[in-house]
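# Inside the fold
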Amino acid sequence: AQSVSQHNHHVILSEAASLELGCNYSYGGTVNLFWYVQYPGQHLQLLLKYFSGDPLVKGIKGFEAEFIKSKFSFNLRKPSVQWSDTAEYFCAVNAWGSGGYNKLIFGAGTRLAVHP
Amino acid sequence: DTAVSQTPKYLVTQMGNDKSIKCEQNLGHDTMYWYKQDSKKFLKIMFSYNNKELIINETVPNRFSPKSPDKAHLNLHINSLELGDSAVYFCASSQASGGSETQYFGPGTRLLVL
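These remarks concern the structure in this document. Nothing here was measured: the structure is a model prediction, and the numbers come from that model.

## Looking at the overall build of chain A
From N to C terminus, chain A includes 0 helices and 12 strands. Relative to the 2.2 N^0.38 estimate, which gives 13 Å for 116 residues, the radius of gyration of chain A is 14 Å and therefore close to what a compact globule would have. If one aligns the C-alpha atoms of chain A with their principal axes, the spans along those axes are about 50 × 30 × 20 Å. When the 116 residues of chain A are sorted by exposure, 47% land in the buried category. The contacts of chain A with a sequence gap of at least 6 include a subset with a gap of at least 24, amounting to 53%. On chain A, roughly 5500 Å² of surface is accessible, and the fraction owed to carbon and sulfur atoms is 55%.

## As for unusual backbone geometry
Residue Thr7(B) is joined to Pro8(B) through a cis peptide bond whose omega torsion reads -5 degrees. Secondary-structure assignment places Pro8(B) in the loop between strand S1 (4-7) and strand S2 (10-13). Non-glycine residue Phe72(A) carries a positive phi angle of around 50 degrees. Looking at where Phe72(A) falls in the secondary structure, it is placed in the loop between strand S8 (64-68) and strand S9 (73-78). The phi dihedral of Lys52(B) falls on the positive side, at around 75 degrees, and the residue is not glycine. When you line up the elements, Lys52(B) lands in the loop between strand S5 (43-50) and strand S6 (53-57).

## Some details on the pattern of salt bridges
Evaluated as defined, the whole model comprises 9 salt bridges over all chains. Among the salt bridges present, the one from Glu66(A) reaches Arg77(A), with a minimum N-O distance of 3.3 Å. Remark: Arg77(A) occurs in strand S9 and Glu66(A) occurs in strand S8; sequence separation between them is 11 residues. Under the relative-accessibility criterion, Arg77(A) is labelled partly exposed at 22%. In this structure, Asp85(B) and Arg63(B) form a salt bridge, with 2.8 Å as the shortest nitrogen-oxygen distance. Separated by 22 residues along the polypeptide, Asp85(B) in the loop between strand S8 (73-78) and strand S9 (87-94) and Arg63(B) in the loop between S6 and strand S7 (64-70) bring together distant segments of the chain. One network of salt bridges, with partners in common, ties together Lys58(A), Glu64(A), Glu66(A) and Arg77(A).

## Some remarks on the side chain of Arg63(B)
All names here are of chain B. The buried category is assigned to Arg-63, whose relative accessible area is 14%. Among the polar contacts listed, one links the side chain of Arg-63 to the side chain of Asp-85, at a separation of 2.8 Å. If we skip the residues at most four places from it in the chain, Arg-63 touches His-77, Ile-78, Asn-79, Ser-80, Leu-81, Glu-82 and Asp-85.

## Let's talk about the interface of chain B and chain A
Counting from both sides, the interface comprises 21 residues of chain B and, opposite them, 21 residues of chain A. Buried area between chain B and chain A, summed over both chains or domains, comes out near 1900 Å², and the portion from carbon and sulfur atoms is 56%. Contact with chain A buries area across many residues of chain B, yet Lys41(B), Gly99(B) and Phe105(B) alone supply 26% of it, more than any other trio. Counting the contacts that link chain B with chain A gives 1 salt bridge. Between Glu58(B) and Lys103(A) there is a salt bridge, and its shortest N-O distance comes to 2.8 Å. At the junction of chain B and chain A, the tally comes to 4 residue pairs in polar contact (both at pLDDT 80 or more). Secondary structure elements with two or more residues in the side of chain B that touches chain A: strand S4 (31-37), S5 and S6 of chain B. Residues of the side of chain B that touches chain A, tallied by class, amount to 9 nonpolar, 8 polar and 4 charged.

## Here we look at the environment of Ser26(A)
Residue and element names in this part refer to chain A. Position of Ser-26 among the secondary structure elements: in strand S4 (residues 24-26). Classification of Ser-26 by relative accessible area gives partly exposed; the value is 31%. Sequence spacing of Ser-26 and Thr-110 is 84 residues, and the spatial spacing of their C-alpha atoms is 18 Å. A distance of 2.8 Å separates polar atoms of two side chains, one belonging to Ser-26 and the other to Ser-3.

The rules behind each value
Residues numbered from 1 in each chain as written. Chains lettered and ligands numbered in written order. Predicted model: local features only at pLDDT ≥ 70, side-chain atom pairs only at ≥ 80, totals over all residues. Heavy atoms only, no water. Helix = DSSP H or I, 4+ residues; strand = E, 2+ residues; numbered from the N terminus. Rg over C-alpha atoms; globule rule 2.2 N^0.38 Å. Buried < 20%, exposed > 50% of the residue type's maximum accessible area, 1.4 Å probe, protein only. Contact = heavy atoms within 4.5 Å. Areas by Shrake-Rupley, 256 points an atom, 1.4 Å probe, with all protein chains shown as cover. Salt bridge = Lys/Arg side-chain N within 4 Å of Asp/Glu carboxyl O. Polar contact = N/O pair within 3.5 Å; in protein donor to acceptor, adjacent residues only side chain to side chain. Buried area = accessible area lost by both parts, 1.4 Å probe. Nonpolar A, V, L, I, M, F, W, Y, C, P; charged D, E, K, R; others polar.

Interpretation in functional terms is not warranted from these geometric data alone.
Below, the structure written as structure tokens:
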């Protein structure tokens, strides 16, 4: 069965520190990969996604992620975090549901706390 | 200009009751979803509808019954509520049901069953 693993459940950083959040998936076929963010008290919104082409994907707010097919990974990075990046980050991969339709499988999330 | 809206935002109820959560999207999308986020923030798909037809049903108890009166609305009715149903329920929509589609999420409905 398809699955997504996020290695860090909680990350605490100081402002201006660099960020890398790990994400690995298990799925043998063609994948589409996503990072969603959930700011405190808000709904999930898309940070970035990969579905083809350049494996280095740039998203909103200075985030980027690199798809490494050989490692089944899609790690999220930001060179310098801000206090406003405090949020829950979810990695997701598309998978085939019953009836041949796509569905998103989410990782367990990583809670990032950035201290001023 | 809310893209995906849900009502109510909060719902507190007793075990055994029946309740409904409503979802509407004004994005013109064809596909809508219901997700459950548990206390550990784990997000899991429950249902998906494409043009009012059920396309994904993820082994959810049959106490949960989604209904899509038109493609802009996807409601969730829950019968005989149990303590374990306490969670945040998110509605989402996407242009189509393809694998690369971005899903747009609603603000969530926080359900507490006492």
